[in-house]
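One letter stands for each residue in the lines below.
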Amino acid sequence: MPVNKPPFGGAGRRRRNRLSGSSLVSWERCPRAWMVKRRIGLRGPIRPSMILGILLEDAVVGLLMESPPSDGSQPHGRSLFLEHQGDKNHNEVETKCIDSLEGINDWLYSLIPALAKHVHSRFLVEWEQTPWKKEGSGPEDIKLEIIQKQIGSALKMQIAEAQKCLDSNGGPHLNQFRLEGEPFRPVAPRWASEPGEPHSTEGFQKEGAQTNWWEAWEISRPWMKDPRIPSAQRIHHPEGWASGEMDVVHRWRENATIVDIKSGWGAGKPQPNLEAQIGFYRWLWNQTRTSDSQGVDSLEGWFLLDGHIHRIQALPDSIMDIETQRLSRIRDQMAKIEEQDWKWISENGTPLGHPLYCPHCKGLEICGYSTDPEDRAIRSFLPKINFEIPENANAISDLPYRLSVRGSIDGVWREMENSYGELVRVATLRAGNTMITIEETEEGVVDPHSWNGEIGITNANPGIFRGRPHLFLDSKSKLVEFNADEDWIRLGLIPTRATVSGQVVSMGRNQGVSGNGRPWTIHSLHIWDGTGVVEIAAFGSNRSRTFESMTVGDHMIVHHGELGWREGNPQIQLGRQTSLEYLQSDS
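Residues numbered from 1 in each chain as written. Predicted model: local features only at pLDDT ≥ 70, side-chain atom pairs only at ≥ 80, totals over all residues. Heavy atoms only, no water.

**Q** So what's going on with the sheet that holds strand 7 (residues 308-313)? Which residues, and what values?
**A** In spatial order, the strands read 1-4-5-6-7; together these 5 strands make up an open sheet with mixed pairing. Strand pairing shows two members of the sheet lacking a second neighbour, strand 1 (223-224) and strand 7, which therefore form its edges. Summarising the sheet, strand 4 (residues 248-250) and strand 5 (residues 256-262) pair through 3 bridges and their orientation is antiparallel. Bridging across to strand 5, histidine 250 finds its partner in threonine 257. Across the sheet, helix 9 (residues 272-287) is in contact with strand 4, strand 5, strand 6 (296-303) and strand 7; its angle to strand 5 comes to roughly 145°. (Pairing = 2+ DSSP bridges. Helix = DSSP H or I, 4+ residues; strand = E, 2+ residues; numbered from the N terminus. Contact = heavy atoms within 4.5 Å. Axes fitted to C-alpha atoms, helices over the stretch in contact; angles between N-to-C directions.)

Below, the structure written as structure tokens:
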């Protein structure tokens, strides 16, 4: 299936500590680059094409969700995707009766100009809101006629897929569509059905009839990310250590074809990154399905600028166990990296034997992106700075982490919503009159039945949440005997705040929707003080004018920031007692 729920519950937000297609590509090219982008979360300046790619994909999906009338009558003349987006600034176009796939193509092509204008206007808004833009790029880089061409390429490729379905007389699942409705779960999204609701038999012919154009269009419609569903639509490994979000999956044949959509050019270029990423999806599909389920025998990359289809032969089921072992070893190497370990940025190179060792780069440089495996595209990810840490500030590399505590859990574990709108399990740990909340930040760490009574906990990360001391538990946190010989710290002495300083080296923002439908937004900076890097995060109304005015290159101090943790990485969050001090700018 292209979508399932995380195995231990909770939200399906992309996590830095899960193996994904993009993290695999990054790791295999350069583990140090993986560390920078995936674990630490450093971002580069945003290019216009990065914003456009996401908007294009939504528009393509919205177009392919359209259904013409099965009786061949005149279809509507306005994109239902635009109605869903609340965009009423476009007039309906004139349409003609449809009696062929060519007619579907002509009808949907007539809706593209309005779709392209919508995408372009959305791009302009998002570009304006982007805090860190790539120098020398701007909105003039994105042309309306190119957007139309890209959407048109996707339509042309899907029409060709529908033609193959028609030529195959509907494929092996034809009678299931006719007798019972759509057989696949999750269903292919269409505007004529509610989200998650299967296609009914309405419009399909009786058993034995030759497949017609309308049936071919409906049967060949792939699974895609439904824009009406705000939550992530990912597929998760049963053990929770890998996940991925596919773009398109064609399922009308005996075996499925997984498709990744790319907004750029594809012809005449090697595609090693695409092949590694989509090969990961093929493995993930195998791991989440029984042996008698639909398999995958082909993989494709759809390139929208030139309409090129890059076809890849899928690995056979017979070697999936070997692939699992290979990916497990990579996952284990990623897990070996300790928090606050900055030895890997040594000017002498990452030590041989260190999980992040790369023979091609060292110090403050990493291997950059390139489709050519021989071109390492070495680039700097941090500036060389001569920065004196103020006396009242902590060195980032010295931020406290991994404590051992003990106490009693007398109540039950309960669910609570964290800063990202996810439901996490929490409990109260008590020692004498001191109480502290402990939170399970990774699924499956805590067994509520054994994590009860008098217990000891090792490798818990300290911090604060909603003004109260907090301990964060992850896969490295362990339950031990209350009387075990450990370097225990008293609950009342757990550090909850930190003052840090440094140069701003990255900026970004994330947004999403919680499980209860509440939107959340986080704005973040990363600062570098010569010893390490830490994320400074502001949720909602905690963004001050000083925070909003910071740019890459500025030097700052964060006074009394709230110590937190994000998937094994320290994070300083802005709270009510936090203040920011601007020092100088190197930009």
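**Q** An account of the pairing of strand 12 (residues 423-431) is requested, with residue identities and associated values reported.
**A** As paired elements, strand 11 (residues 414-417) and strand 12 share 4 bridges and run antiparallel to each other. Across the sheet, methionine 416 pairs through a bridge with valine 424, a residue of strand 12. From the end of strand 11 to the start of strand 12, which pair antiparallel, there are 5 residues, and glycine 421 there has a positive phi angle of about 75°. Pairing between strand 12 and strand 13 (residues 434-440): 6 bridges, direction antiparallel.

**Q** So what about the side chain of serine 153? Which residues, and what values?
**A** Looking at the element boundaries, serine 153 is found in helix 6 (residues 144-167). Sequence-distant contacts of serine 153, that is, excluding residues within four places in its chain, are made with Leu304 and Gly307.

**Q** Explain the pattern of salt bridges residue by residue, including any values.
**A** Taken as a whole and judged by the stated rule, the model has 24 salt bridges. Residue arginine 326 is joined to glutamate 28 by a salt bridge in which the shortest nitrogen-to-oxygen separation is 2.4 Å. Remark: glutamate 28 occurs in helix 1 (residues 21-29) and arginine 326 occurs in helix 10 (residues 320-335); sequence separation between them is 298 residues. On the basis of relative accessible area, arginine 326 is assigned to the partly exposed category, the value being 26%. Of the residues examined, glutamate 28 reaches a relative accessible area of 39% and is grouped as partly exposed. (Salt bridge = Lys/Arg side-chain N within 4 Å of Asp/Glu carboxyl O. Buried < 20%, exposed > 50% of the residue type's maximum accessible area, 1.4 Å probe, protein only.)

**Q** Got a sec to walk through the packing of helix 3 (residues 48-64) against helix 6? Specific residues and values, please.
**A** Viewed as axis vectors pointing N to C, helix 3 and helix 6 meet at an angle of 45°, and their least axial separation amounts to 10 Å. Relative to helix 6, helix 3 is oriented oblique. In this structure, helix 3 meets helix 6 at a crossing whose hand is right-handed. Along the contact surface, helix 3 presents Leu52, Leu56, Ala59, Val60, Leu63 and Leu64, while helix 6 presents Ile147, Gln150, Ile151, Ala154, Leu155 and Gln158. (Parallel < 35°, antiparallel > 145°, perpendicular 65-115°, else oblique. Left-handed = near helix turned anticlockwise from the far one by under 90°.)

**Q** A description of empty space enclosed by the protein should follow, citing residues and the corresponding values.
**A** It is a probe the size of a water molecule, rolled over the atoms, that shows where empty space is left. Taken as a whole and judged by the stated rule, the model has 4 cavities of 30 Å³ or more. In this structure, the second largest cavity is lined by 17 residues; those nearest its centre are Met35, Ile40, Trp342, Asn569 and Pro570. Looking at the lining of the second largest cavity, the elements with two or more residues in it are helix 2 (31-40), strand 19 (533-539) and strand 21 (569-573). (1 Å grid on protein atoms, 1.4 Å probe; cavity = no way out; pocket = protein on both sides within 12 Å on 5 of 7 lines; lining within 4 Å. Points joined across faces, edges and corners; volume = space filled by probe spheres on them.)

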